[in-house]
There are 2 protein chains.
Amino acid sequence: MLRAMQDLNQYIEAQRPIIDAALERELPPARTAPRTLHAAMRYSVFSGGKRLRPILCLAAARIAAPRCRLSTHALETALYPAVALELYHTYTLVHDDLPAMDDDDFRRGRPTAHKVYGEANAILSGDALQAMAFAVMAKAHVPRPYAPNQLVLELSRAAHSVVAGQVEDLAITDRPTAARIRFIHRNKTAALFEASLRCGAIAVGAPRRVLDALSAYGAAIGLAFQITDDLLDAPVITKGRHRPAGATCLALQTTEQARRQAKRLVDDALASVEQLPAGAAREPLEAIARFILTRNH
Amino acid sequence: MLRAMQDLNQYIEAQRPIIDAALERELPPARTAPRTLHAAMRYSVFSGGKRLRPILCLAAARIAAPRCRLSTHALETALYPAVALELYHTYTLVHDDLPAMDDDDFRRGRPTAHKVYGEANAILSGDALQAMAFAVMAKAHVPRPYAPNQLVLELSRAAHSVVAGQVEDLAITDRPTAARIRFIHRNKTAALFEASLRCGAIAVGAPRRVLDALSAYGAAIGLAFQITDDLLDAPVITKGRHRPAGATCLALQTTEQARRQAKRLVDDALASVEQLPAGAAREPLEAIARFILTRNH
């Protein structure tokens, strides 16, 4: 059982090479023209991310696959959406870091894409990563009861949410309302977590009630993730924009209140896991939910 | 018959309201949150474009539809890809105009999106338009002999080409080779024209040889379009970047040579039309090919 953080780390480290190998297969080789574009795409994709969204997608596929399907088959089927979600997530980071947005020079200890490749190439490599996310998503064969286009529609719905959340976030100039913070957190962060779980489930033809429980789990941990993100970022003042609290949940509550809110959300997520088929496939979902409360980066 | 330019203008003016109504249906209402995002998307989409790509998509659907399908049905089926192509094209214009790219303050006589909504919102509204292009493309039911995901894959392939062409274009600092100019023209412009014809054909289940002829037509007029674009732009020096010739075909040939090349490409396009089913549905394709040689904006 994945009780301790060490076990979760082992689980994540076991999943990452599978996801990285699939990303490697889908991305254009760095030596093909235009090399700058392909190098920029690869620079941002292979930058030490935890691969949390694809790992959630694969975990959802494992627990959601009807018994008649082998779990290895479920994993293969869900690799396309897993890769697509990571490509999509990477593009959002590249664009968020741009001078016109958060103006960040470093991410995960490395210079951001626009510092290395220039602003135009950063914008364009983000654009290409988004297009490739849809291309890879479209490659997955979607089983019944879902429509053949269901995965692409899930990604496009999440994509609109993510951009909507970012627009609202950037628009905040004074003390935001609680409703606005909620809108930003739901759209900017939770929507893609939720989509990660949903896409894994849809890729294996999950029953509707399993899809619903995984959606609820994804939305809850997505909101909790954004709250802990705000708590981790709290002492940092972004270079380009002065918003030590700004659109974060700390604009309206104390860090203690925020921690309690995150705890409640993780409890909700764990309650959703209880509605899923029993067995070892629940464990990574439980461990990831708990990890969000204690993460330090 | 569409012999004269006046007839083509009437044809285009008859098609535009159909396309604009479909765009209106797909875009989020301007009054829904976040209003800035939706207003910025609409500002760029409804900015007086000719709708050439969706018109080509619909024209391809009309000529490619097997006889058993009514042409009104063909038109309805192809409206999704038509709208998707225009949303995609609009996003490329919004991002091309950014300060980090071509740094244009005006397009079609109006201030560009980043001048009206700011740079961050322009980037994000372009991102949202690209995501919506894939969403609308995925809505179309793809008939046999094509795979259900064929339309999304056509768009993603063209999308990667467009970005690759733009990256190579921006990278030019000195006199480019002919091969490089060709790469840029094929990818940056011709790929989306070709995709416009292909998507219309695929949406109605066109036979392969019809698809091939329409692809050849699209590639040829796309290249001709870029050459006439270069000829029209020749006297203009872009504000942000000094490239009076730069990546244009005029870096390597005289305007007279460029005109002859465009004429040859249009002849190739007209030869491809000869391979398509005979009838009135050929006429818009012929007229649009000829229009490209004489267009003045």
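This is a predicted model, so every value here is computed, not measured.

## Quick notes on the confidence of the model for chain A
Across chain A, pLDDT averages 91, with 91% of residues at or above 70. Interface predicted TM-score (ipTM) for the complex: 0.93; the corresponding pTM is 0.94.

## Some words on the state of the cysteines
Residue and element names in this part refer to chain A. Inspection of the entire model under this criterion finds zero disulfides over all chains. Cys-199 carries a free sulfur, and the closest cysteine sulfur to it, the one in Cys-57, is 6.1 Å from it. Of the residues examined, Cys-199 reaches a relative accessible area of 0% and is grouped as buried.

## A closer look at the interface of chain B and chain A
Tallying the contact residues gives 39 residues for chain B and 39 residues for chain A. It is Leu-124, His-160 and Val-167 of chain B that lose the most area in chain B upon contact with chain A, and together they represent 18% of the buried surface on that side. Between the two partners, chain B and chain A, sit zero salt bridges. For the pair chain B and chain A, the number of links is 10 residue pairs in polar contact (both at pLDDT 80 or more). Among the elements that line the side of chain B that touches chain A, the one with the most residues is helix H6 (residues 119-139) of chain B, at 13 residues. Tallied by class, the residues present in the side of chain B that touches chain A amount to 26 nonpolar, nine polar and four charged.

## A look at helix H3 (residues 52-64) of chain A
Residues and elements named next belong to chain A. Taking 1.5 Å per residue, 13 residues should reach 18 Å; H3 reaches 18 Å between its end C-alpha atoms and fits that length. In terms of residue burial, H3 counts as a mostly covered element, since 12 of its 13 residues are buried. Taken together, the buried positions of H3 are occupied by Leu-52, Arg-53, Pro-54, Ile-55, Leu-56, Cys-57, Leu-58, Ala-59, Ala-60, Ala-61, Ile-63 and Ala-64.

## Regarding unusual backbone geometry
Across the junction of Ala-33 of chain A and Pro-34 of chain A, the peptide omega takes the value -10°, indicating a cis bond. Here Pro-34 of chain A is to be found in the loop between helix H1 (5-26) and helix H2 (35-45). Geometrically, the link from Arg-144 of chain A to Pro-145 of chain A is a cis peptide bond, its omega value of 10° lying close to zero. Relative to the helices and strands, Pro-145 of chain A is located in the loop between helix H6 (119-139) and helix H7 (150-171). Even without glycine at this site, Arg-108 of chain B takes up a positive phi of about 50°.

## A few points about the relation of the copies chain B and chain A
The relation between the two copies of this chain is a rotation about an axis and a shift parallel to it. Of the two same-sequence chains, chain B is brought onto chain A (RMSD 0.0 Å, axial shift 0.0 Å) by a rotation of 180°. Such a turn and shift between the copies fits a two-fold axis. By residue overlap, the copies meet face to face through one surface: 100% of the interface positions of chain B are interface positions in chain A.

## So, the packing of H2 of chain A against helix H7 (residues 150-171) of chain B
Following both chains from N to C, one finds H2 of chain A and H7 of chain B inclined at 115°, their axes separated by 8 Å at the closest point. Considered as vectors, H2 of chain A and H7 of chain B are oriented roughly perpendicular to each other. Of the residues in H7 of chain B, those in contact with Thr-36, Leu-37, His-38 and Met-41 of chain A of H2 of chain A are His-160, Val-163, Ala-164 and Val-167 of chain B. Of the residues assigned to the contact of H2 of chain A with H7 of chain B, the class counts are five nonpolar, three polar and no charged.

## Comments concerning the packing of aromatic side chains
Across all of its chains, the model carries seven aromatic pairs over all chains by this definition. Ring geometry for Tyr-43 of chain A and Tyr-117 of chain A: centres 5.7 Å apart, planes at 70°, overall edge-to-face. Of the two residues, Tyr-43 of chain A is situated in helix H2 and Tyr-117 of chain A in helix H5 (residues 113-117); the sequence distance between them amounts to 74 residues. When its relative accessible area of 18% is taken as the criterion, Tyr-43 of chain A is described as buried. One Lys or Arg, Arg-53 of chain A, reaches over the ring of Phe-225 of chain A and ends 5.8 Å from the middle of that ring. Note that Arg-295 of chain B overlies the ring of Phe-225 of chain B, its terminal NZ or CZ placed 3.7 Å from the centroid.

## Notes on the environment of Thr-255 of chain B
All names here are of chain B. Positionally, Thr-255 belongs in helix H10 (residues 255-274). For Thr-255, a relative accessible area of 38% gives the class partly exposed. Separated by 24 residues in the primary sequence, Thr-255 and Leu-231 place their C-alpha atoms 6.8 Å from one another. The residues contacting Thr-255, other than those within four sequence positions of it, are Leu-231 and Leu-250.

## What to know about the pattern of salt bridges
It is possible for side chains of opposite charge to pair when their charged atoms get near one another. Within this structure, the stated rule accounts for 30 salt bridges over all chains. A salt bridge links Glu-256 of chain A to Arg-260 of chain A; the shortest N-O distance between them is 4.0 Å. Pair noted here: Glu-256 of chain A and Arg-260 of chain A are both in helix H10 (residues 255-274), with a separation of four residues, about one helical turn. Given a relative accessible area of 41%, Glu-256 of chain A falls into the partly exposed group. For Arg-260 of chain A, a relative accessible area of 46% translates into the label partly exposed. Between Glu-86 of chain B and Arg-51 of chain B there is a salt bridge whose closest N-O contact spans 2.9 Å. With Glu-86 of chain B in helix H4 (residues 71-96) and Arg-51 of chain B in the loop between helix H2 (35-45) and helix H3 (52-64), the pair connects residues that are 35 residues apart, well separated along the chain. For Glu-86 of chain B, a relative accessible area of 3% translates into the label buried.

## Details of the packing of H3 of chain B against helix H9 (residues 208-233) of chain B
Residues and elements named next belong to chain B. In the contact formed by H3 and H9, the axes pass within 11 Å of each other and the chain directions differ by 155°. On the basis of the axis angle, H3 is roughly antiparallel to H9. Viewed along their axes, H3 and H9 form a crossing whose handedness is right-handed. Facing Leu-52, Arg-53, Leu-56, Ala-60, Ile-63 and Ala-64 of H3, the residues of H9 in contact are Val-210, Leu-214, Tyr-217, Ile-221 and Phe-225. A per-class count over the contact of H3 with H9 returns 10 nonpolar, no polar and one charged.

Conventions and cut-offs
Residues numbered from 1 in each chain as written. Chains lettered and ligands numbered in written order. Predicted model: local features only at pLDDT ≥ 70, side-chain atom pairs only at ≥ 80, totals over all residues. Heavy atoms only, no water. pLDDT = per-residue confidence, 0-100. Disulfide = S-S within 2.5 Å. Buried < 20%, exposed > 50% of the residue type's maximum accessible area, 1.4 Å probe, protein only. Contact = heavy atoms within 4.5 Å. Buried area = accessible area lost by both parts, 1.4 Å probe. Salt bridge = Lys/Arg side-chain N within 4 Å of Asp/Glu carboxyl O. Polar contact = N/O pair within 3.5 Å; in protein donor to acceptor, adjacent residues only side chain to side chain. Helix = DSSP H or I, 4+ residues; strand = E, 2+ residues; numbered from the N terminus. Nonpolar A, V, L, I, M, F, W, Y, C, P; charged D, E, K, R; others polar. Expected span 1.5 Å × (residues − 1). Least-squares fit on C-alpha atoms with pLDDT ≥ 70 in both. Axes fitted to C-alpha atoms, helices over the stretch in contact; angles between N-to-C directions. Parallel < 35°, antiparallel > 145°, perpendicular 65-115°, else oblique. Phe/Tyr/Trp six-rings, centres within 6.5 Å; stacked < 30°, edge-to-face > 60°. Lys NZ or Arg CZ within 6 Å of the ring centre and 35° of its normal. Left-handed = near helix turned anticlockwise from the far one by under 90°.

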